[in-house]
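# Chain and residue survey
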Amino acid sequence: AQKVTQAQTEISVVEKEDVTLDCVYETRDTTYYLFWYKQPPSGELVFLIRRNSFDEQNEISGRYSWNFQKSTSSFNFTITASQVVDSAVYFCALSERGNNRLAFGKGNQVVVIP
Amino acid sequence: NAGVTQTPKFRVLKTGQSMTLLCAQDMNHEYMYWYRQDPGMGLRLIHYSVGEGTTAKGEVPDGYNVSRLKKQNFLLGLESAAPSQTSVYFCASSVQGAPRGNTEAFFGQGTRLTVV
């Protein structure tokens, strides 16, 4: 069965520090899709990025970057030069081509201290 | 650009009461989901649907029923509410499968339900 593990529960950083969120996934499918979502204090879920299992190219988008490594089943997310507005819960999620479910990890609470 | 709309946004129920949460999407998505979010537990899948007229159990289906009579609507029912069902409920929809693969899920704003 598909599974997503986000081991860190709460991470506190001082503004302008970098923060990396770890995501480890389990799947038996050879084709799968990975996602990161952000949930700010207002409560809505904001989609950040999607990665296909056959696309290991890492990406940088502004202050966000992602490191996808199939060899270690990890899909880590880094915020560079954190800002107070980055304070939120971040969720990693996985869906498989052969399975209709979308499974989430338990989330990482990021607190950016001014 | 309505996207996914959930009603109501807040509700307080007494133990044993019933209610239905409505989710509507205007993106013509085949897949729809109901999740509950509890502190420290992340989002847990209650039920989902892969198309009009279909439903399936997720991770925590007990105490809930769902229906997908129309493609754009996915209803979540609580027949006899219990305090353990106090939670924030999210509905989502997505596209899965060919040709683009599984896309991101689009979420509603959430429903905060308290059962007293």
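To start, this report covers the structure provided alongside it.

## Some remarks on the packing of aromatic side chains
- Taken as a whole and assessed by the stated rule, the structure comprises 19 aromatic pairs over all chains.
- Ring centres of Phe104 of chain A and Tyr35 of chain B lie 5.3 Å apart, and the angle between their planes is 85°; this geometry places the pair in the edge-to-face category. Taken together, the positions of Phe104 of chain A in strand S11 (residues 102-104) and Tyr35 of chain B in strand S4 (residues 31-38) put the pair across two chains.
- Judged by relative accessible area, Phe104 of chain A falls into the buried class, the value being 9%.
- Relative accessible area serves as the criterion here: at 0%, Tyr35 of chain B is assigned to the buried category.

## Side note on the interface of chain B and chain A
- Chain B puts 24 residues into the contact, and the matching count from chain A is 20 residues.
- Of the roughly 1,800 Å² buried where chain B meets chain A, counting both sides, 53% is carbon and sulfur surface.
- For the chain B face of the interface with chain A, the top three residues by lost area are Leu43, Asn102 and Glu104 of chain B, together amounting to 29%.
- Inspection of the chain B/chain A interface yields zero salt bridges.
- If you look at where chain B meets chain A, you find four residue pairs in polar contact (both at pLDDT 80 or more).
- Of all the secondary structure elements, the ones that give two or more residues to the side of chain B that touches chain A are S4 and strand S5 (42-49) of chain B.
- Along the lines of polarity and charge, the residues of the side of chain B that touches chain A split into eleven nonpolar, nine polar and four charged.

## Topic: the sheet that holds strand S1 (residues 4-7) of chain B
Residue and element names in this part refer to chain B.
- Ordered in space as S1-S3-S8-S7, the four strands form an open sheet in which the pairing is antiparallel. The outermost strands of the open sheet, each flanked by one partner alone, are S1 and strand S7 (65-67). Neighbour-to-neighbour, the strand axes of this sheet turn through a mean angle of 20°, independent of strand direction.
- Where S7 and strand S8 (residues 73-78) come together, three bridges link them in antiparallel fashion. Looking at S8, one finds that Val66 is bridged to Leu76.

## Concerning the state of the cysteines
Residues and elements named next belong to chain B.
- Per the counting criterion, the structure on display carries two disulfides over all chains.
- The disulfide that involves Cys23 links it to Cys91, with 1.8 Å between the sulfurs. A torsion of -75° about the S-S bond marks the disulfide between Cys23 and Cys91 as left-handed. You can see Cys23 sitting in strand S3 (residues 19-25) and its partner Cys91 sitting in strand S9 (residues 87-94), a full 68 residues away along the chain.

Rules used throughout
- Residues numbered from 1 in each chain as written.
- Chains lettered and ligands numbered in written order.
- Predicted model: local features only at pLDDT ≥ 70, side-chain atom pairs only at ≥ 80, totals over all residues.
- Heavy atoms only, no water.
- Phe/Tyr/Trp six-rings, centres within 6.5 Å; stacked < 30°, edge-to-face > 60°.
- Helix = DSSP H or I, 4+ residues; strand = E, 2+ residues; numbered from the N terminus.
- Buried < 20%, exposed > 50% of the residue type's maximum accessible area, 1.4 Å probe, protein only.
- Contact = heavy atoms within 4.5 Å.
- Buried area = accessible area lost by both parts, 1.4 Å probe.
- Salt bridge = Lys/Arg side-chain N within 4 Å of Asp/Glu carboxyl O.
- Polar contact = N/O pair within 3.5 Å; in protein donor to acceptor, adjacent residues only side chain to side chain.
- Nonpolar A, V, L, I, M, F, W, Y, C, P; charged D, E, K, R; others polar.
- Pairing = 2+ DSSP bridges.
- Axes fitted to C-alpha atoms, helices over the stretch in contact; angles between N-to-C directions.
- Disulfide = S-S within 2.5 Å.

None of the figures reported here should be taken as evidence of function without further support.
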